[in-house]
Amino acid sequence: MKVLAIDDQQLVLLPLQKRLTELGYDVKIETNSVKGLKLYNSFKPDLVIVDINMPGMSGLDIVKHIRKDKKSQTPIMVLSGNTQDHTIIEGFELGIDDYMKKPLSLNEICVRIKRLIGIPELKQMYQESNTIIQERCVGVVIPCYNEEERLLSKEFTDYIDKNTGYHLCFVNDGSKDNTLQVLRNLQKGREDFITVYNCDKNGGKAEAVRLGMLHMAQKEDLDYIGFLDADLSTDLADFDDLVKTIENSNFKVVSGSRICRMGANINKECSRAMISLTINFIIRKVLSMKFKDTQCGAKIFSKDVINIAFKDKFITRWIFDVEIFKRVAHHFGLKSARKMLCEQPLKRWVHADGSKLSMKDSIKIVGQLAQVAWVYRHKKHNKMILETSEFNIT
């Protein structure tokens, strides 16, 4: 029994292909809708699974081709995040056999497929899967410097094995230990879900994150891209909550916040907590925004602001997060930026031993904040002069 699945997001197709292959189906996948139609003609599947919203040729166009042009009655299932009534109605009027709305469990998808075309006879029985096919695809950049002993490899692999729609990009920031080999071993067998970006020289966390974000932005199937600390001070489940917020809102940036509150496990060193209060007060003045915590190492971005936030090198070593928010405010204007940025309290954050940021470095941050305020004040001034000049010319 042959199944053809067409979706512009590879991270959706791969777990589906793996599961259906385990069940004994002959499965082919395609991320390009035009190529998918050509594959339909040559592969002659017993079932077609198709997404609706794809660039160029939509899923409904594919349905029209199969039903009207080919006059074929091949069973067609739609697997899409599009929940609009008129789209669903149009799909059934065109002749689809089933409409599945993302997110959806692999178990339910398999049951629906069995109902339509049956199931191959297997010599080996497979356990049910607890994997959910998500509507969105997310890239996560994890900067790594000398993480050979601290990297929680199993936590990362277990998460992507159970949660679809995630692609992890580990950036080796010129580590002097065996970090690169640890990352290569972590990637082995999961190349479709894990990327290792290697920097020959140590450039610091800011540059490692910047290069990783720009690299991931080249992947067309990602909807959102964020970054996360390698020590998992913020765990992946909390990061997924940030993703859900940006997915279901109009925010362009959602930043984790290590605010101590009832019901949350936020563990900071006392000395760090006192310094953080002072630094955060200065940051609020520099940004003209009521941030409680800009420096949390867990943030998620809509893909259309990646270039704005990360195109140019950061001028500071430790407080590049503040620069990100300044760049968004500089580009869109402070009033609009306040509506685009969201600070979301975390459920858990634990200070990890071996942190690269020393007490001495924390004191240096004050000087770097003054540098950021100075540089971006002049950028704002120059932008106003340019806009005035353009207005006078016209």
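Here's a quick rundown of the structure. Residue indices begin from 1 for each chain and proceed along its sequence in written order. This being a predicted model, a pLDDT of at least 70 is required before a residue's local features are given, and a value of 80 or more before pairs of side-chain atoms are given or counted; all residues contribute to the totals for chains, interfaces and linings. Excluding hydrogens and water, the side-chain figures rest on all heavy atoms present in the structure.

1. Some thoughts on helix α9 (residues 236-247)
- A helix here means a DSSP run of H or I that spans at least four residues, while a strand means a run of E at least two residues long, and both kinds are numbered starting from the N terminus. Each helix should span, by expectation, one fewer than its residue count multiplied by 1.5 Å. With 12 residues, α9 should cover 16 Å at 1.5 Å per step; its first-to-last C-alpha distance of 16 Å lies within 8% of that length.
- Within the span of α9, buried status applies to Leu-236, Asp-238, Phe-239, Asp-240, Asp-241, Leu-242, Val-243 and Ile-246. In this scheme, a residue with accessible area under 20% of its type's maximum is buried, one over 50% is exposed, and one in between is partly exposed, where area comes from a 1.4 Å probe on protein chains only.

2. Notes on the packing of aromatic side chains
- Here a Phe, Tyr or Trp ring, Trp counted by its six-membered ring, pairs with any other such ring whose centre lies within 6.5 Å, and the pair is stacked when the planes are under 30 degrees apart, edge-to-face when over 60, and tilted otherwise. Evaluated as defined, the whole model comprises 7 aromatic pairs.
- When the ring of Tyr-159 is compared with that of Tyr-166, the centres are 5.5 Å apart and the planes differ by 75°; the resulting orientation is edge-to-face. Like Tyr-166, Tyr-159 is buried.
- Centroid distance Phe-227 to Phe-320: 5.8 Å. Interplanar angle 45°. Geometry classified as tilted. Of this pair, Phe-227 sits in strand β11 (residues 224-228) while Phe-320 sits in helix α12 (residues 320-332), placing them 93 residues apart in sequence.
- We classify Phe-227 as buried; its relative accessible area is 1%.

3. Quick word on the pairing of strand β1 (residues 2-6)
- The buried fraction of β1 is high, at 4 of 5 residues.
- Should DSSP find at least two bridges between two strands, the strands are regarded as paired. When β1 meets strand β2 (residues 26-30), the two strands line up parallel, connected through 5 bridges. Residue Lys-2 lies in a different strand from β2, and its bridge partner there is Asp-26.
- Tracing the backbone out of β1, into helix α1 (residues 10-22) and back to the parallel element β2 gives a crossover that is right-handed. By convention a crossover is right-handed if, when the strands point away from the viewer, the path from the first strand over the helix to the second runs clockwise.

4. A look at the sheet that holds strand β8 (residues 138-144)
- With mixed pairing, the 7 strands of this open sheet are ordered in space as β10-β9-β8-β11-β14-β12-β15. Either end of the sheet is taken by a strand with one partner, and the two such strands are β10 (194-199) and β15 (341-345). Sheet twist, expressed as the average angle between the axes of neighbouring strands with direction ignored, equals 20°.
- As paired elements, strand β9 (residues 166-173) and β10 share 6 bridges and run parallel to each other. Among the inter-strand pairings, Phe-170 is bridged to a residue of β10, identified as Val-196. As a rule, the C-alpha atoms of each element are fitted with a line to give its axis, helices using only the stretch in contact, and angles between N-to-C directions run from 0 to 180 degrees.

5. Thoughts on the nonpolar core
- Counting 59 residues, the largest nonpolar core has Leu-20, Ile-49 and Phe-310 as the members making the most contacts within it.
- In terms of residue count, the dominant contributor to this core is α12 (6 residues).
- In contact with Leu-20, other than residues within four places in its own chain, are Val-3, Tyr-25, Val-27, Ile-49, Cys-110 and Ile-113.
- For the purposes of this section, nonpolar cores are sets of buried Ala, Val, Leu, Ile, Met, Phe, Trp, Tyr and Cys residues that join through side-chain atoms within 4.5 Å. In terms of nonpolar packing, the next biggest core, distinct from the first, is built from 32 residues, Phe-156, Leu-232, Leu-242 and Cys-342 among them. We call two residues contacting when some pair of their heavy atoms lies within 4.5 Å.

6. What to know about the pattern of salt bridges
- Here, a salt bridge means any Lys or Arg side-chain nitrogen found within 4 Å of an Asp or Glu carboxyl oxygen. With the rule as written, the count across this model stands at 20 salt bridges.
- The salt bridge partner of Lys-18 is Glu-22, with a shortest N-O separation of 2.9 Å. Here the residue Lys-18 and the residue Glu-22 both occupy positions in helix α1, the gap between them amounting to 4 residues, near one helical turn.
- Given the relative accessible area of 23%, Glu-22 is considered partly exposed.
- As a salt-bridge pair, Asp-240 and Arg-136 come within 2.8 Å of each other at their nearest N and O atoms. Of this pair, Asp-240 sits in helix α9 while Arg-136 sits in the loop between β7 (132-133) and β8; the two residues are 104 residues apart in sequence, bridging distant segments of the chain.

7. Topic: the packing of helix α2 (residues 33-43) against helix α3 (residues 59-69)
- It is the contact of α2 with α3, at a shortest axis distance of 10 Å, that shows an interaxial angle of 25°. On the basis of the axis angle, α2 is roughly parallel to α3. Here α2 and α3 pass one another in a crossing that is right-handed. The segment α2 lies against α3, with Ser-33, Leu-37, Tyr-40 and Asn-41 engaging Ile-62, His-65 and Ile-66.
- In this count, Pro and Cys sit with the nonpolar residues alongside Ala, Val, Leu, Ile, Met, Phe, Trp and Tyr, while Asp, Glu, Lys and Arg are called charged and the others, Gly among them, polar. Looking at the contact of α2 with α3 residue by residue, the classes come out as 4 nonpolar, 3 polar and no charged. When describing relative orientation, an angle under 35 degrees is termed roughly parallel and one over 145 degrees roughly antiparallel, while 65 to 115 degrees is termed roughly perpendicular and anything else oblique. Helix crossings fall into two classes, left-handed where the near helix is turned counterclockwise from the far one by less than a right angle and right-handed where it is turned clockwise.

8. Describing the packing of α1 against helix α5 (residues 106-117)
- Relative to each other, α1 and α5 sit at 55°, their axes nearing to 11 Å. For the element pair α1 / α5, the angle class is oblique. Viewed along their axes, α1 and α5 form a crossing whose handedness is right-handed. Contacts between α1 and α5 involve Pro-15, Leu-16, Arg-19 and Leu-20 from the former and Leu-106, Asn-107, Ile-109, Cys-110 and Ile-113 from the latter.
- Looking at the contact of α1 with α5 residue by residue, the class counts come to 7 nonpolar, 1 polar and 1 charged.

Note that every value here comes from positions in space, so none of it alone points to a role or purpose.
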